[in-house]
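Descriptive analysis of the structure
Listed below, chain by chain, are the residues.
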Amino acid sequence: MSTHTQKRSWAEPYKMKMVELLHMTTKAQRVKAIKAAGFNTFQLKSEDVYIDLLTDSGTSAMSDRQWAGLITGDEAYAGSRNFYHLEAAVRQFYGYRHVIPTHQGRGAENILSKVMIKPGDVIPGNMYFTTTRLHQELAGGIFADIIIDEAHDPANLHPFKGNVDMNKLDALVKKHGARKIPYVSIATNVNMAGGQPISLENLRELRAYTRERGIQIIHDMTRVAENAYFIQQREPGYGDMSIRDIVKAICDCTDGATMSAKKDALVNIGGFLALNDLDLFEEARSLVVVYEGLDTYGGLAGRDMEAIAIGIAESVDDLHQHARVGQVEYLGQKMMDFGIPIVKPVGGHGVFLDASAFLPHLSQDEFPAQTLASEIYIDSGVRTMERGIVSAGRDAQGRNYYPRLELVRFTIPRRVYTQAHMDVVAESTAAVWEKRNRIKGLKMVYEPKYLRFFQARFEKLG
Ligand code: F0G
């Protein structure tokens, strides 16, 4: 199947039967809106946005089958039928034994971190994610980045920039001892690296290494099917394997998972924690009642769980992923044709502009990526987001993290926009690229305590 689809153009394996009209604004309106938003695209009103590429989280279009599933919601407080459908889907497609629904991914991260991390523990991971690391730190843990160096270089063409550097992991194990490392945190299709995959070869090596030392692997499986698509396309030996089977093979290398179903699983809200170990599961199940809700709904309505169960099955379809990642690649190629610097290879869920290369006259303290996101919004009403120094935040001692990647993310919602929208986005970015030398940076004038990128406010320098 893959060799066949590889040779031909992708097309959406669906047709539209309902549309949502978009809002057009004038440039004067957008200048006013971005100032009112403190130059933070998270603070814009959706009504002031034309094409919304802020995130692929909770922004997908559900299928008619998912919408039909909502009607079958069993809204019992306990033992909803839809919970059992969700549990069955997780077991069937991912192979994890025990499932606890949560309101979204970070709900699962909270429970997992509380159950597994003791103060002073070290949690190695293939690059940080904002909420994941914060929950690890709030539980007293210390995150350690063990992703390969190539992942920090936007121009490096390594096909699996999500891979773990086994030497970095081994050095941590030697320094702290395996008992200080409750688990290795592995994301599939690493978000902060630009939507970059990890290979099955690397995962299997990691599995063998951690098994010998009694260290678990917890999988952030938010975008596992996109990762599976890249394995099918790039990793020798997997060209004829279905995405469905590759997803299962990935999960088989790990002991449990946190999931934000708002991405891969094509729903607007929801997530879960999945664990193979019965004792850990029982502890997590008793905690979920404190933070999310009873363990058969975890902060979700019955109908939400039904939509996730159906979305999981749709997400592992080969044609779906080919079109999904194909659209992202299409936008990435357009950007490259304009000569715009982006993270390469193009990732799975979005195109990431290299803001340091785009605005080399700005220092990282002048927030190049934040600046660029606001300039693109002003040009066309396209909303993107910062993934650089603002997102990276501060360490436990209050010092700014200075990530090597200073990126603007154009995140593509699944099944929502067309190729023509991608053309408009690329042309708008090209217009900003033309005037890049005249763009001034920003200063931060308000900084919230946690996950500052969501609510921070800025003013224009000069
Ligand atoms: N892990 C990854 C890799 C994520 O991308 C996200 C969310 C989460 C965990 C947390 O899940 O939002 O359901 O609580 N990422 C969104 C984004 C917010 O825009 O990248 P959540």
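For the structure given in this document, a descriptive report is provided here. Just so it is clear, the structure is predicted and the values come from calculations on it, not from any experiment. (Residues numbered from 1 in each chain as written. Predicted model: local features only at pLDDT ≥ 70, side-chain atom pairs only at ≥ 80, totals over all residues. Heavy atoms only, no water.)

Some details on the site of the ligand
Here is the rule we go by: Consider each residue's heavy atoms; a residue with any of them within 4 Å of a molecule or strand counts as near. Under the rule applied, a polar contact is a pair of N or O atoms within 3.5 Å (in protein, one hydrogen donor and one hydrogen acceptor; residues adjacent in sequence only if both atoms are side-chain atoms). Using a 1.4 Å probe, accessible areas were evaluated by the Shrake-Rupley method; residue-level cover was limited to the displayed protein chains. Method remark: on a 1 Å grid restricted to protein atoms, a set of points is classed as a cavity if a 1.4 Å probe fits but cannot get out and as a pocket if it is open with protein on both sides within 12 Å along at least five of seven lines; lining residues have an atom within 4 Å of a point. Any molecule with more than half of its atoms within 2 Å of a cavity's or pocket's grid points is regarded as sitting in that cavity or pocket.
For the ligand, the set of nearby residues contains 17 residues, the closest of which are Arg106, Asp220, Ser260, Lys263 and Arg409. The side chain of threonine 55 places a nitrogen or oxygen atom 2.7 Å from an oxygen atom of the ligand. Contact between the ligand and serine 260: an oxygen atom at 2.6 Å from a side-chain N or O atom of the residue. Contact with the protein chains covers 95% of the free accessible surface of the ligand, which is 480 Å². More than half of the atoms of the ligand fall within 2 Å of the grid points belonging to the second largest pocket.

Side note on the layout of surface pockets
If a probe as big as a water molecule is rolled over the atoms, it shows which places are left empty. Selection rule: Grid points are joined across faces, edges and corners, and a volume is the space filled by probe spheres set on the points. Strands here mean DSSP runs of E at least two residues long; helices mean DSSP runs of H or I at least four residues long; both are numbered from the N terminus. Each residue gets one label: Ala, Val, Leu, Ile, Met, Phe, Trp, Tyr, Cys and Pro are nonpolar, Asp, Glu, Lys and Arg are charged, and the others, such as Gly, are polar. Residue ranges labeled as domains rest on an automatic or database domain assignment.
In this structure, the largest pocket occupies an estimated 1,400 Å³ of space. In terms of lining, the largest pocket is formed by 34 residues, of which the most central are Met18, Ala61, Met62, Arg415 and Val416. Among the elements that line the lining of the largest pocket, the one with the most residues is helix 3 (residues 64-71), at three residues. Across the lining of the largest pocket, the residue classes break down as 15 nonpolar, ten polar and nine charged. Two domains share the lining of the largest pocket, each providing at least three of its residues, namely domain 1 (27-49 + 318-460) and domain 2 (64-315). As a volume, the second largest pocket reaches approximately 540 Å³. In this structure, the second largest pocket is lined by 40 residues; those nearest its centre are Arg106, Phe129, Thr131, Asn191 and Lys263. Counting residues per element, the lining of the second largest pocket draws most heavily on helix 6 (residues 130-138), which supplies five residues. Two domains each put at least three residues into the lining of the second largest pocket: domain 1 (27-49 + 318-460) and domain 2 (64-315).

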